[in-house]
Amino acid sequence: MFTGLVQQMGRLSRVEMSSGSGRLVVEACLEGPPCVRGESIAVQGVCLTLVEFNDSHLQFDVLRETFERSGLGRRKIGQRLNIERALRLGDPLGGHIVTGHIDGVGQVKNVRRIARDRVLEISCGEELLKDMVPKGSVACDGVSLTIADLKDDVFTVHIIPHTWESTAFSELTTGAEVNLETDVLGKYARRVMEGKSQQGGVTWDALKKAGFVS
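Residues numbered from 1 in each chain as written. Predicted model: local features only at pLDDT ≥ 70, side-chain atom pairs only at ≥ 80, totals over all residues. Heavy atoms only, no water.

(A) Region of the structure containing the environment of proline 33. The topology assignment puts proline 33 in the loop between strand E2 (21-27) and strand E3 (40-43). Take proline 33: its relative accessible area is 35%, and that puts it in the partly exposed class. For proline 33, the residues in contact, after removing those within four places along its chain, are Arg85 and Arg88. (Helix = DSSP H or I, 4+ residues; strand = E, 2+ residues; numbered from the N terminus. Buried < 20%, exposed > 50% of the residue type's maximum accessible area, 1.4 Å probe, protein only. Contact = heavy atoms within 4.5 Å.)

(B) The arrangement of the pairing of strand E1 (residues 8-17) in detail. Where E1 lies against strand E6 (residues 80-85), four bridges are found, and the strand directions are antiparallel. Note that in E6 the partner of glycine 10 across the bridge is leucine 81. Direction of pairing for E1 relative to E2: antiparallel, over a ladder of six bridges. For leucine 12, the partnering residue across the bridge sits in E2 and is valine 26. Connecting E1 to the next strand, E2, in antiparallel fashion are three residues. (Pairing = 2+ DSSP bridges.)

(C) Just the layout of surface pockets, in detail. Counted as a void, the second largest pocket has a volume near 320 Å³. What lines the second largest pocket is a set of 17 residues, among which Gln7, Arg85, Ala86, Arg88 and Asp91 lie closest to the centre. Taken together, the residues that form the lining of the second largest pocket break down as seven nonpolar, four polar and six charged. (1 Å grid on protein atoms, 1.4 Å probe; cavity = no way out; pocket = protein on both sides within 12 Å on 5 of 7 lines; lining within 4 Å. Points joined across faces, edges and corners; volume = space filled by probe spheres on them. Nonpolar A, V, L, I, M, F, W, Y, C, P; charged D, E, K, R; others polar.)

(D) Up close: empty space enclosed by the protein. Throughout the structure, instances matching the rule amount to one cavity of 30 Å³ or more. Looking at the largest cavity, its volume works out to about 30 Å³. Lining the largest cavity are Val6, Ala42, Gln44, Gly45, Asn82, Ile83, Glu84, Asp141 and Gly142. In terms of residue count, E6 provides more of the lining of the largest cavity than any other element does, three residues in total. Residues belonging to the lining of the largest cavity are distributed by class as follows: three nonpolar, four polar and two charged.

(E) Fine view of the pattern of salt bridges. All told, the structure shown has 10 salt bridges when counted by the stated rule. Several salt bridges share partner residues, and in doing so they unite Arg11, Arg80 and Glu171 into one network. (Salt bridge = Lys/Arg side-chain N within 4 Å of Asp/Glu carboxyl O.)

(F) Fine view of the sheet that holds strand E11 (residues 154-159). Taken together, six strands build a closed barrel; the order of strands is E7-E8-E11-E10-E9-E12 and the barrel is antiparallel. Across the sheet, the axes of successive neighbouring strands diverge by a mean angle of 45 degrees, strand direction being ignored. One ladder, built from seven bridges, connects strand E7 (residues 104-114) with strand E8 (residues 117-123); its direction is antiparallel. Residue pairing for E8: valine 108 is matched across the bridge by isoleucine 122. (Axes fitted to C-alpha atoms, helices over the stretch in contact; angles between N-to-C directions.)

Note that all results are geometric; they support no functional claim without further evidence.
Here it is, written out as structure tokens:
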């Protein structure tokens, strides 16, 4: 489990691909407790298992499906990568609950500035948008963000200067891919609602009529 608060950045050093899997090598020296082989680390929001490491590099075994689903295999050598070590018992939950299981990839449609903040407009599939709500949480490239606006085919997030400068967001341009993980609590809520609806119980229409949702 992660919080979506990026702890440091690394750089993509090497990507090795075979028939069904591959290896991701990241140039980074993790801060905090000593690394342990087998520990979970989020790289660009993707939960990966650390298999080898030294003072300057981290190595992860990655399934081809993970490479393709998350876009990790399409990253360029030298690009920055967001890194977060797994949450430990007693650590503060400063962002939101992030599992590191990517739901899909979005595309940056626009990057603009409002005062000191950057505003990202990101497009993605309907299956992802239906699990988002205005002012709800979403993890973009492993960063916990609040959804400022939500439309039929895009959502908008605001990024403060500290987050922009301290994450790989600083390299984002229009057309770039971002890994997306929607709020796991929202997924459970939708699952329950769909089940109730099929049983003839509470429905979205009933909640709308009662004024609970818009």
